[in-house]
Amino acid sequence: MACGYSWDAVAISPMAVGLEALVAMRAGPRCGYPVLADHLRDQLYVLVPPGTGSAAAGLPGVRVLGAGFQLLMPTTEHGTLVAHWVSPPRSAPYPLVRPDRLAHHLRALTGAARKEAAAS
């Protein structure tokens, strides 16, 4: 599906960092935010409103997929063993994660990881 129209996708690697950020945001699967896990690439794709993904751009392990990009989506509610919906989109309009909140939590997590690495 084409990115940049109904949503942008924020790709977070490793996936565990993205999951930690969502937990910190209290944006779990029951909230209905569309979140896709790619187990081959160890990436989490979080859908955000179109044109807003740049709020997370430049963070370590983050790539923004906006206009001009495409994202392969599962055709079933849950997907496959390789790529599946951590939180499948509910009926439209579905809620999208606020990219400023996502970026804030990712900054906090990556900053803590850098401090731990420096202390080692």
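Since this is a predicted model, take the numbers as computed values, not measurements.

Peer 1: Outline the side chain of Q43, listing residues and values.
Peer 2: Inspection of the secondary structure assignment puts Q43 in strand 3 (residues 43-48). What makes Q43 buried here is its relative accessible area of 12%. Here the side chain of Q43 touches R63 through a polar contact of 3.5 Å, side chain to side chain. What Q43 contacts, discounting residues up to four positions off in sequence, is A11, I12, S13, M15, L36, A37, D38 and R63.

Peer 1: Which residues make up the pattern of salt bridges, and what values go with them?
Peer 2: Taken as a whole and assessed by the stated rule, the structure comprises two salt bridges. Across the salt bridge formed by R41 and D38, the nearest N and O atoms sit 3.0 Å from each other. Classification of D38 by relative accessible area gives buried; the value is 8%. For R98, the salt bridge goes to D100, with nearest N and O atoms at 2.8 Å.

Peer 1: How would you sum up the nonpolar core? Please name residues and give values.
Peer 2: The tendency in soluble globular proteins is for nonpolar side chains to be buried side by side. Ranked by internal contacts, the top residues of the largest apolar core, which has 19 residues, are L22, V46 and L102. Taken together, the elements giving at least two residues each to this core come down to strand 1 (8-12), helix 1 (15-25), strand 2 (35-38), strand 3 and helix 2 (99-119). Broken down by element, this core gets its largest block of residues, four residues, from helix 1. When sequence neighbours within four positions are dropped, the list of residues in contact with L102 reads V10, I12, A21, M25, V46 and V97.

Reading the values: the criteria
Sequence order sets the numbering: in each chain, residues are counted from 1 along the sequence as written. Selection of residues for local features in this predicted model requires a pLDDT of at least 70, selection of side-chain atom pairs for listing and counting requires 80 or more, and totals for whole chains, interfaces and linings are taken over all residues. Side-chain figures throughout are based on the complete set of non-hydrogen atoms in the structure, without hydrogens or water. We count a stretch as a helix when DSSP gives it H or I for four or more residues in a row; a strand needs E for two or more, and each element gets its number in order from the N terminus. Relative accessible area decides the class of each residue, using a 1.4 Å probe on protein chains only: under 20% of the type maximum gives buried, over 50% gives exposed, and in between gives partly exposed. Under this definition, polar contacts are N or O atom pairs within 3.5 Å; protein pairs additionally need one hydrogen-donor-capable and one acceptor-capable atom, and for neighbouring residues in sequence, both atoms have to be side-chain atoms. Any two residues having at least one pair of non-hydrogen atoms within 4.5 Å are treated as being in contact. Here, a salt bridge means any side-chain nitrogen of Lys or Arg that lies within 4 Å of a carboxyl oxygen of Asp or Glu. In this text, buried Ala, Val, Leu, Ile, Met, Phe, Trp, Tyr and Cys residues form a nonpolar core when linked through side-chain atoms within 4.5 Å.

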